[in-house]
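# Architecture at a glance
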Amino acid sequence: MSNLKDPTMPLQFVYTYQDFVTDVRRSSGNSPGMASPLAKFDTTIQAGWRDRMERGLFRYHLGDLQTRILPGSHGYVAQLNIQRGVERRKPQEILSIQQDFDARQFNFNRINPEEIIFEMIKDTERGTAFHGNGPVHQPCRMVVLVNVSPLEFGHCLFVPNPSCCLPQVLTRSAIQVGIESVLLSSDPGFRVGFNSLGAFASVNHLHLHGYYLDHELKIESMPVKPLAPEKGFYRLLDFPAGFLFYTESEEVEKVARAVCEVTDFLVDGNIAHNLFLSRGCLPCDRIPDEKNLSSRKGVRIAVWPRISCFGAKEESAFNVALCELAGHLPFKSKKDYELTTEKDVVDIIHRYLLPEREFHRLEQQLTCHLMDS
């Protein structure tokens, strides 16, 4: 078993509020079109990831993935990644959304220490820190390591305080560092996500995913309906039904607290959920105009409550987890990749969403819960 406090630990990535990139823009079409050079966060992750790939630490070599945009209004980004379906570690058997951590199962304290790229540390002593009206929140120790079964370029895992052996249930500090990771990147294609237990999380040890996808997703500009806008809380107005938070640099801690209130509510209600964090437009009830459509100053955090899936994974063209709900579809079969249509995708995703009446009841409960808190 490796020791994540090993003195040979790779570098520490120390950041402050001033390192957040606030001028990100996306060019038209499906290229990232950055307005500024890669941030230090991106160059550090990408160099570390490439180094581990060259050293053979991954289960397979990930080259340029075959990619196509499915015809239709949703703009689904389909990718063929056969090796991930074949070579990845067998997922753990999950029986409950609140399942306890089990040290006998695989966890991130057992990895090869060379898989670790760096440890993220927020320096709140230097520069301006925003703490809202409450007490200063203890920063989270976040270890960033490569996902040895990557689904895309730069696919990493963000593991908060690995030695604490936390189960796969989000904490406020983990959410906050996830948001801050997106703000540290100057690449609008950098995404962060989370699968709860019962929502296709494969390891019951708290972790988030981060990766680069150089294609625009509808979630970045999808229209929303305000629910509790003072908490940054909205409802997505397009398929699939879900909720959205939005924050820019100054409101990160406040919005992270509100996101955690929602995910805690879902966990308490035994409702599985997926999160997807991406650079995005300001929330609006219509598609933004040309002037604002390319702006990616803030972070959109989509939260999808969904039907729980326990035991063995169902066989279908793809599993419905964080990236599929956001419109990124990794296929493990060439036939499925070539033949699946937008209607097929919508039909598959529908099977995992809450019934409409149940979703609307949850919407009312969450809105009241946030407004009362």
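Structural data are supplied above this passage.
The following refers to the structure shown. Remember, predicted model here, so these are calculated numbers, not experimental data. (Residues numbered from 1 in each chain as written. Predicted model: local features only at pLDDT ≥ 70, side-chain atom pairs only at ≥ 80, totals over all residues. Heavy atoms only, no water.)

Here we take up the sheet that holds strand β11 (residues 243-247). Judged by pairing direction, the sheet is mixed, and its eleven strands sit side by side in the order β1-β4-β5-β6-β8-β7-β12-β13-β11-β10-β9 without closing on themselves. If you trace the sheet from one side to the other, it starts and ends with β1 (12-15) and β9 (224-228), each paired once. With direction set aside, neighbouring strand axes in the sheet form an average angle of 25°. Here β11 runs beside strand β13 (residues 298-306); their pairing, made up of five bridges, is antiparallel. Bridging across to β13, phenylalanine 243 finds its partner in valine 303. (Pairing = 2+ DSSP bridges. Helix = DSSP H or I, 4+ residues; strand = E, 2+ residues; numbered from the N terminus. Axes fitted to C-alpha atoms, helices over the stretch in contact; angles between N-to-C directions.)

The next thing to look at is the packing of helix α3 (residues 172-184) against helix α4 (residues 252-268). Axes are the key here: two packed helices are described by the angle between their axes and the distance separating the axes. Between α3 and α4, the shortest axis-to-axis distance is 8 Å and the interhelical angle comes to 130°. Here α4 runs oblique to α3, going by the angle between their axes. The hand of the α3/α4 crossing is right-handed. Between α3 and α4, the contacting residues are Arg172, Ile175, Gln176, Ile179, Glu180 and Leu183 on the first element and Val252, Glu253, Ala256, Arg257, Val259, Cys260 and Thr263 on the second. Tallied by class, the residues present in the contact of α3 with α4 amount to seven nonpolar, two polar and four charged. (Parallel < 35°, antiparallel > 145°, perpendicular 65-115°, else oblique. Left-handed = near helix turned anticlockwise from the far one by under 90°. Contact = heavy atoms within 4.5 Å. Nonpolar A, V, L, I, M, F, W, Y, C, P; charged D, E, K, R; others polar.)

Relative to the helices and strands, leucine 151 resides in the loop between β5 (142-146) and β6 (156-160). As for leucine 151 and leucine 65, which are separated by 86 residues in sequence, their C-alpha atoms are 9.2 Å apart. In this structure, leucine 151 is in contact with Leu65, Gln79, Asn81, Arg84, Tyr211, Cys323 and His328, ignoring residues within four places of it in sequence.

Let us look at α3. For α3, spanning 13 residues, the distance from its first C-alpha to its last is 18 Å, which sits close to the expected 18 Å at 1.5 Å a residue. Counting buried residues along α3, twelve of its 13 residues qualify, which places the element largely inside the surrounding structure. Along α3, the residues classified as buried are Ser173, Ala174, Ile175, Gln176, Val177, Gly178, Ile179, Glu180, Ser181, Val182, Leu183 and Leu184. (Expected span 1.5 Å × (residues − 1). Buried < 20%, exposed > 50% of the residue type's maximum accessible area, 1.4 Å probe, protein only.)

Right, let's talk about the pairing of strand β7 (residues 190-195) for a bit. Burial within β7 is extensive, with six of its six residues counted as buried. Alternating residues of β7 divide into Phe190, Val192 and Phe194 and Arg191, Gly193 and Asn195, and every residue in both groups is buried. When β7 meets strand β8 (residues 208-212), the two strands line up antiparallel, connected through four bridges. Following the sheet pairing, arginine 191 is matched in β8 by tyrosine 211.

Counting 59 residues, the largest nonpolar core has Phe41, Met120, Phe158, Ile179, Phe233, Phe245 and Ile301 as its most contacted members. Counting residues per element, this core draws most heavily on α4, at eight residues. Core analysis: the second largest hydrophobic core is formed by 37 residues, Ile219, Cys323, Ile349 and Tyr352 among them. (Core = buried A, V, L, I, M, F, W, Y, C linked by side-chain atoms within 4.5 Å.)

This part covers the environment of leucine 325. Of note, leucine 325 is situated in helix α6 (residues 322-326). Sequence separation between leucine 325 and tyrosine 76 is 249 residues; the distance between their C-alpha atoms is 9.9 Å. With residues near it in sequence (within four places) discarded, leucine 325 still touches Pro240, Asn274, Trp304, Val320, Ile349 and Leu353.

Let us look at unusual backbone geometry. Here the amide bond leading from phenylalanine 239 into proline 240 is cis, since omega sits at -5°, within 30 degrees of zero. For proline 240, the location among the structural elements is in the loop between β10 (233-236) and β11. Residue phenylalanine 200 is not a glycine yet carries a positive backbone phi of 75°. Tracing the backbone shows phenylalanine 200 in the loop between β7 and β8. Within the chain, asparagine 270 stands out as a residue other than glycine whose phi angle is a positive 55°. Structurally, asparagine 270 is set in the loop between α4 and β12 (272-280).

Next up on the list: the pairing of β9. As paired elements, β9 and β10 share four bridges and run antiparallel to each other. Looking at β10, one finds that lysine 225 is bridged to arginine 235.

Helix length check: helix α1 (residues 40-54), at 15 residues, gives a terminal C-alpha distance of 21 Å against a target of 21 Å (1.5 Å per residue), a fit within 8%. When we look at burial in α1, the residues that qualify are Phe41, Asp42, Thr44, Ile45, Gln46, Gly48, Trp49, Arg52 and Met53. Glycine 56 sits one or two residues past α1 and shows a positive phi near 75°.

Before going further, it helps to spend a moment on the packing of aromatic side chains. Taken as a whole, this structure holds 18 aromatic pairs when the rule is applied. Between phenylalanine 153 and tyrosine 212, the ring centres sit 5.8 Å apart and the planes meet at 45°, which makes this aromatic pair tilted. Separated by 59 residues along the polypeptide, phenylalanine 153 in the loop between β5 and β6 and tyrosine 212 in strand β8 bring together distant segments of the chain. The class for phenylalanine 153 is partly exposed, based on a relative accessible area of 22%. (Phe/Tyr/Trp six-rings, centres within 6.5 Å; stacked < 30°, edge-to-face > 60°.)

One way to put it is that α4 packs onto helix α9 (residues 356-372) with a least axis distance of 10 Å and a crossing angle of 135°. Between α4 and α9, the angle is such that the two are oblique. As α4 packs across α9, the resulting crossing turns out to be right-handed. Contacts from Ala258, Glu261, Val262, Phe265 and Leu266 in α4 reach Leu362, Gln365, Leu366, His369 and Leu370 in α9. In the contact of α4 with α9, the residues fall into seven nonpolar, two polar and one charged.

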